[in-house]
Amino acid sequence: PNTNSNNATTRFDMKKDQVIFAIIPHGIVPLSLGFASWPQRIHDAFGEFRPVAATATHFLPFLRTLMDWNNCVDASKPAIEGALSKGERIALSPGGIAEMFEGYPKPNRHPNDECVILNSRKGFVKLALKNNIPLVPVFC
């Protein structure tokens, strides 16, 4: 339950209320989160949300068009803050591109290992606290 400004307890609706989904691990596929909002099963489980995509995707015309079609939010702090200030629901991968290179086939990694970078990634938590938005961890 959440408490609003009148100290009334409200129930959190993960499919409708504003939320930040923190999806881990990033995985080796660079655009997986950018397309994560397409399948109906995702909508049924999580509701509508805007994926956060690396700023680098906007430098390549084809990728920029795909990310725009999918209504992605640029991974820059101002763009994410802007989306949150409008009440948007977002999904991001805290480990970002760096996390892609931590797993297999990196030496001494097994194909079944999952690698997550969180120790140096606290900005998404600060944004959730600053804006009083629930942060929902998702492992997939």
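A quick note: this is a predicted structure, and the numbers were derived from the prediction, not measured.

Colleague: So what exactly am I meant to see when it comes to the nonpolar core here?
Modeller: Within soluble globular proteins, side chains that are nonpolar generally end up buried alongside one another. Core analysis: the largest hydrophobic core is formed by 13 residues, its most contacted members being I20, V52, V73, I80, L84, I90 and L92. Of all the secondary structure elements, the ones that give two or more residues to this core are β3 (20-24), α3 (77-85), β6 (90-92) and α5 (123-131). Beyond its immediate chain neighbours, meaning those up to four positions away, I20 contacts L84, I90, L92, F124, A128, I133, P134, L135 and V136. Formed by 9 residues, the second largest nonpolar core is a distinct cluster that contains V19, L33, A91 and V136.

Colleague: What exactly am I supposed to notice about the pairing of β3 here?
Modeller: Each regular strand carries side chains that alternate between the two faces of the sheet. Across the 5 residues of β3, 5 count as buried, placing the element largely inside the fold. Examined bridge by bridge, β3 and β6 share 3 bridges and lie parallel to one another. Residue pairing in the sheet places A22 in a bridge with L92 of β6. Inspection of the sheet shows β3 paired to strand β7 (residues 135-139) by 5 bridges, in the parallel sense. If you follow F21 over to β7, its bridge partner there is V136.

Colleague: Which parts of the structure should I look at to understand the side chain of S93?
Modeller: With respect to the helices and strands, S93 occurs in the loop between β6 and α4 (96-100). Of note is the side chain of S93, whose polar atom sits 3.3 Å from the backbone oxygen of I23.

Parameters and conventions
- Residues numbered from 1 in each chain as written.
- Predicted model: local features only at pLDDT ≥ 70, side-chain atom pairs only at ≥ 80, totals over all residues.
- Heavy atoms only, no water.
- Core = buried A, V, L, I, M, F, W, Y, C linked by side-chain atoms within 4.5 Å.
- Buried < 20%, exposed > 50% of the residue type's maximum accessible area, 1.4 Å probe, protein only.
- Helix = DSSP H or I, 4+ residues; strand = E, 2+ residues; numbered from the N terminus.
- Contact = heavy atoms within 4.5 Å.
- Pairing = 2+ DSSP bridges.
- Polar contact = N/O pair within 3.5 Å; in protein donor to acceptor, adjacent residues only side chain to side chain.

Just distances and angles here, no functional claims.
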